[in-house]
Amino acid sequence: MKSFFLLIFVLSLGIEDLFSQHLSSAEGKSSLGLGIGLPYGGFGTQISYNTANNVNAFLGLGYNLTGIGVNGGLKLIVPSKKDYEFYFTGMYGYNAVIVMKGAKEMNGAFGGPSFGSGLKINSLVQSGVFWDIGFLVPLRSSSYKDRLEEIEQNPYMHVNSKPWPVLFYLAYHFPLSKY
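The present account deals with the structure reproduced in this document.

Analysis parameters
Residues numbered from 1 in each chain as written. Predicted model: local features only at pLDDT ≥ 70, side-chain atom pairs only at ≥ 80, totals over all residues. Heavy atoms only, no water. Helix = DSSP H or I, 4+ residues; strand = E, 2+ residues; numbered from the N terminus. Buried < 20%, exposed > 50% of the residue type's maximum accessible area, 1.4 Å probe, protein only. Areas by Shrake-Rupley, 256 points an atom, 1.4 Å probe, with all protein chains shown as cover. 1 Å grid on protein atoms, 1.4 Å probe; cavity = no way out; pocket = protein on both sides within 12 Å on 5 of 7 lines; lining within 4 Å. Points joined across faces, edges and corners; volume = space filled by probe spheres on them. Nonpolar A, V, L, I, M, F, W, Y, C, P; charged D, E, K, R; others polar. Patch = residues over 30% accessible without salt bridge, like charges linked within 9 Å, V, L, I, M, F, W, Y side chains within 5 Å. Salt bridge = Lys/Arg side-chain N within 4 Å of Asp/Glu carboxyl O. Core = buried A, V, L, I, M, F, W, Y, C linked by side-chain atoms within 4.5 Å. Contact = heavy atoms within 4.5 Å. Pairing = 2+ DSSP bridges. Axes fitted to C-alpha atoms, helices over the stretch in contact; angles between N-to-C directions.

1. What about the overall build of the protein?
A count of helical and extended segments in the protein gives 2 helices and 8 strands. In the protein, the order of α-helices and β-strands from amino to carboxyl end is α-β-β-β-β-β-β-β-α-β. A buried classification covers 40% of the 179 residues belonging to the protein. Summed over all atoms, the accessible surface of the protein reaches about 10600 Å², with 67% contributed by carbon and sulfur.

Here is the structure:
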């Protein structure tokens, strides 16, 4: 019986760590990120808002080499007392771009969903500031695949590089909410 109560006591100590959170993941907090990658519209910004504890909604806007890139989605953050927090993300928006020199009619941005995960590295100096590093697996549209095939079949066009199956991103976030 003593071992049972000891086990309950030890588990109760661990539950506090499991459900703790950083202020940057608290409900009602918002941030502005400057970065590179799909969640930031290419080269651009992201505004994010925590709709609940450890649930973040975001909108990215930037330049994607053909024009304005827009993406929006959600992050589900795994609570942690460490200086970093792991999360899962899903978003919708552009996830492929074709840029052809000398054949601008072939240029375009193509949309679809993307899924991945990342890491928020929280600042030890300023509350609410963090680095955002992650990767995404884009589900590319049939219109993108058809355009790429059309370019490959054309003897007067050449594909310099194929798209990566996994895309990475990096950004720095500043708090918009008071902490």
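2. A closer look at the layout of surface pockets
The computed volume of the largest pocket comes to approximately 1000 Å³. What lines the largest pocket is a set of 30 residues, among which L65, V97, I98, S161 and P163 lie closest to the centre. Taken together, the elements giving at least two residues each to the lining of the largest pocket come down to β1 (30-37), β2 (42-52), β5 (84-98), α2 (142-153) and β8 (167-175). If one sorts the elements of the lining of the largest pocket by residue count, β5 sits on top with 5 residues. Looking at side-chain class alone, the lining of the largest pocket contains 20 nonpolar, 7 polar and 3 charged residues.

3. Quick word on a nonpolar patch on the surface
A cluster of nonpolar side chains, I36, F43, Y63, L65, Y84, V99, I121, W131, I133 and L170, forms an exposed patch at the surface whose accessible area comes to about 920 Å². Along the chain, I121 falls in strand β6 (residues 108-122).

4. Remarks on the nonpolar core
With 11 residues, the main nonpolar core is built from L38, Y40, F58, I77, Y87, M91, Y94, L136, L167, Y169 and A171. Among the secondary structure elements, those contributing two or more residues to this core are β5 and β8. Apart from residues lying up to four places away in sequence, Y94 is in contact with L38, G41, G42, N64, G69, V70, N71, A109, F110 and G111. Membership of the second largest hydrophobic core comes to 10 residues, among which are M100, M106, F110 and M157.

5. Some words on the sheet that holds β6
The strand order around the closed barrel formed by 8 strands is β1-β2-β3-β4-β5-β6-β7-β8, and the pairing between neighbours is antiparallel. In this sheet, adjacent strand axes meet at a mean angle of 25 degrees when their direction is disregarded. Pairing of strand β7 (residues 130-138) with β8, which is carried by 7 bridges, proceeds in the antiparallel orientation. Counted as the bridge partner of F135 is F168 from β8. Strands β5 and β6 of the sheet are contacted by α2, whose axis makes an angle of about 50 degrees with β5.

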